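# Coordinate analysis (summary)
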Amino acid sequence: MRNKILEDFEQVEADVEECCALMDRENYPGLVKHWREVLARDPSDMNAVLALAEAFILNKQYQDSIDMVTPYYMEDPKFIWYANAILDALFAMGKTPQDFPWKSEPLIFELTTDILDACHRYLKPKRRPRSVTDLYVFFMPDGYLHFTDEDLLQALMADERFIVTCDNTCEEGISVVRKQK
């Protein structure tokens, strides 16, 4: 008799491998089908819910994404990732957050000087270099980021308070530090 935990782990690993293969081929209809099957196995799997929502968006099935995530959001509106999935679909359709009946309005961050000021505070003068991804992820728990990590990189490069270098300090080869006074 095999260990149930090991079987579950192997299934998750197989699901992720299939997902990666479909993404590499840009087979978004296949990706939707794959995540539907995973979610059918376990309707309470929030990772599968979010993966299916993303697959719908990649396949340009924006309303399907909203329709599928909404019951989960209504049941647990404090779980930020459900709101983020809905916002992804709304923005992809050219709509605004006001086009959804929120239980509580989500916090949405635009790339403003407030974000750059927060990056500056985070990168204390003696702190080691950080990747742009680290800085981007720093804001995620607080709300929806209505900008990409590439947008953040461009803004940091344009702001004279930061030094952005391409090197091997960080995993993706781009590091950011605060300029010394």
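See the structure above.
Heads up: these notes are all about the structure in this document. This one's a predicted model, so the numbers in the text were calculated from it and none came from an experiment. Throughout this description, residue numbers start from 1 for each chain and increase along the sequence as written. The predicted nature of this model means local features are confined to residues of pLDDT at least 70 and side-chain atom pairs, given and counted, to a pLDDT of 80 or more, with totals for whole chains, interfaces and linings taken over all residues. With hydrogens and water excluded, all non-hydrogen atoms of the structure serve as input to the side-chain values.

### A look at unusual backbone geometry
A positive phi angle, near 55°, is found at E26, a position not held by glycine. In DSSP terms, a helix is any run of H or I states spanning at least four residues, a strand is any run of E spanning at least two, and both are numbered starting from the N terminus. Here E26 shows up in the loop between α1 (4-24) and α2 (28-41). One non-glycine residue, K60, adopts positive backbone phi at about 60°. By the element assignment, K60 lies in the loop between α3 (46-58) and α4 (62-75). For K60, a relative accessible area of 61% translates into the label exposed. Exposure categories follow from relative accessible area, calculated using a 1.4 Å probe and restricted to protein chains: below 20% of the type maximum is buried, above 50% is exposed, and the middle band is partly exposed.

### Things to note about the side chain of D15
Along the polypeptide, D15 turns up in helix α1. According to the relative accessible area criterion, D15 is buried, its value standing at 8%. Each residue touching D15, except ones within four places of it in the same chain, is listed here: H34, W35, V38 and R41. Any two residues whose heavy atoms approach within 4.5 Å are treated as being in contact.

### Comments concerning the packing of aromatic side chains
Stacked, tilted and edge-to-face are the three classes applied to pairs of Phe, Tyr and Trp rings, where Trp contributes its six-membered ring and a pair requires centres within 6.5 Å; stacked means planes under 30 degrees apart, edge-to-face means over 60, and tilted covers the rest. Within the structure shown, the criterion is met by 9 aromatic pairs. Here the aromatic rings of Y73 and W102 are separated by 5.4 Å at their centres, their planes lie at 90°, and the arrangement is edge-to-face. Here Y73, found in helix α4, pairs with W102, found in the loop between α5 (80-92) and β1 (108-109); they are 29 residues apart in sequence, far enough to count as distant. Overall, the relative accessible area of 1% leaves Y73 in the buried class. Judged by centre distance (5.5 Å) and plane angle (35°), the rings of F91 and Y144 are tilted. Linking F91 in helix α5 with Y144 in strand β2 (residues 144-145), this pair joins segments that are 53 residues apart in sequence. Here a set of aromatic residues connected by ring pairs shows up, and it is made of Y72, F79 and Y82.

### Considerations on the environment of A118
Positionally, A118 belongs in helix α6 (residues 113-122). Along the sequence, A118 and F139 sit 21 residues apart, while their C-alpha atoms lie 9.2 Å from each other.

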